[in-house]
Amino acid sequence: AATFFPVEVVSLERGVHERRVSTKLEGRRAELDVKAQKNGGHGVRLLPEVARDPLSALFALRAAPLSDGQVVKELVLDGLALWRVRLTVHRGQTVRLGSGDGAVSRAAIRVDGELTPVNLAGRPTGRPLRHLSLWLADDQTHVLLRLEADTDFGRCALEQTSYLPPSK
């Protein structure tokens, strides 16, 4: 738990790909089981380095001290896609949440990222880079406030609309 490295990840994809991808991670070894109407199967991949899934990458980022200008590099396994991620931290930012009279500005840490699709050797595949920007609360929670990212469907954004802190 202290490393935020995942042990097992299950992804359910709906829409373009209707499939379930179960991944067991042990160090650099990834055991994948894909259940789909087409092209399902089971396999083992040896990754170029230890990888995280997108959610555990977010948890690890939120737990980090995040100093201004800090660069975070990691490998992210998202379903069957492998990404080399390079994130740059920008302290002293603000983000505007909501719209109209209900909009509020929050102190934030902005993290800009470049995601390079890579093969099992860790080398770029030649597919286009993706970019993301996310804003974390500039307090002890580092809760996600806003995320903008390139996807298969174009640029996508999500924004926090409410937050309920954990009970003590």
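Here we summarise the structure given alongside this text. Please read all numbers here as calculations on a predicted model, not as lab measurements.

Things to note about the overall build of the protein chain
Right, on to step 1. The helix and strand inventory of the protein chain stands at one helix and 11 strands.
Right, on to step 2. Listing every helix and strand of the protein chain by position from the N terminus yields β-β-β-β-β-α-β-β-β-β-β-β.
Right, on to step 3. Against the compact-globule benchmark of 15 Å for 168 residues, the protein chain has a radius of gyration of 17 Å, which places it among compact chains.
Right, on to step 4. Referenced to the eigenvectors of the C-alpha coordinate spread, the extents of the protein chain come out at roughly 50 × 40 × 30 Å.
Right, on to step 5. Counting only contacts in the protein chain whose residues sit at least 6 apart along the sequence, the fraction spanning at least 24 positions is 39%.
Right, on to step 6. A total of about 10,400 Å² of accessible surface is found on the protein chain, and carbon and sulfur atoms cover 53% of it.
Right, on to step 7. With 24 positive and 20 negative side-chain charges, the protein chain shows a separation of 3 Å between the mean positions of the two kinds.

What to know about the packing of aromatic side chains
Right, on to step 1. A full pass over the atoms with the stated rule returns zero aromatic pairs.
Right, on to step 2. The ring of Phe 5 is capped by Arg 52, whose NZ or CZ atom sits 4.1 Å from the centre of that ring.
Right, on to step 3. A cation sits over an aromatic face here: Arg 127 above Trp 83, 5.7 Å from the ring centre.

Comments concerning the sheet that holds strand β6 (residues 71-78)
Right, on to step 1. The sheet built from seven strands is open, its strands ordered β5-β6-β7-β8-β9-β10-β11 with mixed pairing. Among the strands making up the open sheet, the edge pair consists of β5 (51-52) and β11 (154-159).
Right, on to step 2. Relative to strand β8 (residues 104-117), strand β7 (residues 81-97) is paired through 13 bridges, and the arrangement is antiparallel. In the strand pairing of β8, Val 95 is matched with Arg 106.
Right, on to step 3. Seen against the sheet, helix α1 (residues 54-63) touches β5, β6, β7, β8, β9 (130-137) and β10 (144-151) and runs at an angle of roughly 160 degrees to β6.

A look at unusual backbone geometry
Backbone phi values are negative for most residues with the exception of glycine, while trans is the configuration of most peptide bonds.
Right, on to step 1. At Leu 66, a residue that is not glycine, the phi angle is positive and equals roughly 55 degrees.
Right, on to step 2. Looking at the secondary structure, you find Leu 66 in the loop between α1 and β6.
Right, on to step 3. Under the relative-accessibility criterion, Leu 66 is labelled buried at 0%.

Some remarks on a nonpolar patch on the surface
Right, on to step 1. Together, Phe 4, Leu 55 and Phe 59 make up a nonpolar patch on the protein surface, roughly 270 Å² of accessible area in all.
Right, on to step 2. Position of Phe 59 among the secondary structure elements: in helix α1.

Examining α1
Right, on to step 1. Listed as buried for α1 are Ser 56, Ala 57, Ala 60 and Leu 61. All buried residues of α1 lie within an arc of 145 degrees about the axis, which places them on one face of the element.
Right, on to step 2. Those residues of α1 that are buried lie in contact with β5, β6, β7, β8 and β9.

The rules behind these values
Residues numbered from 1 in each chain as written. Predicted model: local features only at pLDDT ≥ 70, side-chain atom pairs only at ≥ 80, totals over all residues. Heavy atoms only, no water. Helix = DSSP H or I, 4+ residues; strand = E, 2+ residues; numbered from the N terminus. Rg over C-alpha atoms; globule rule 2.2 N^0.38 Å. Contact = heavy atoms within 4.5 Å. Areas by Shrake-Rupley, 256 points an atom, 1.4 Å probe, with all protein chains shown as cover. Lys, Arg positive; Asp, Glu negative; His and termini not counted. Charge placed at Lys NZ, Arg CZ, Asp CG, Glu CD. Phe/Tyr/Trp six-rings, centres within 6.5 Å; stacked < 30°, edge-to-face > 60°. Lys NZ or Arg CZ within 6 Å of the ring centre and 35° of its normal. Pairing = 2+ DSSP bridges. Axes fitted to C-alpha atoms, helices over the stretch in contact; angles between N-to-C directions. Buried < 20%, exposed > 50% of the residue type's maximum accessible area, 1.4 Å probe, protein only. Patch = residues over 30% accessible without salt bridge, like charges linked within 9 Å, V, L, I, M, F, W, Y side chains within 5 Å. Salt bridge = Lys/Arg side-chain N within 4 Å of Asp/Glu carboxyl O. Arc of directions from axis to C-beta.

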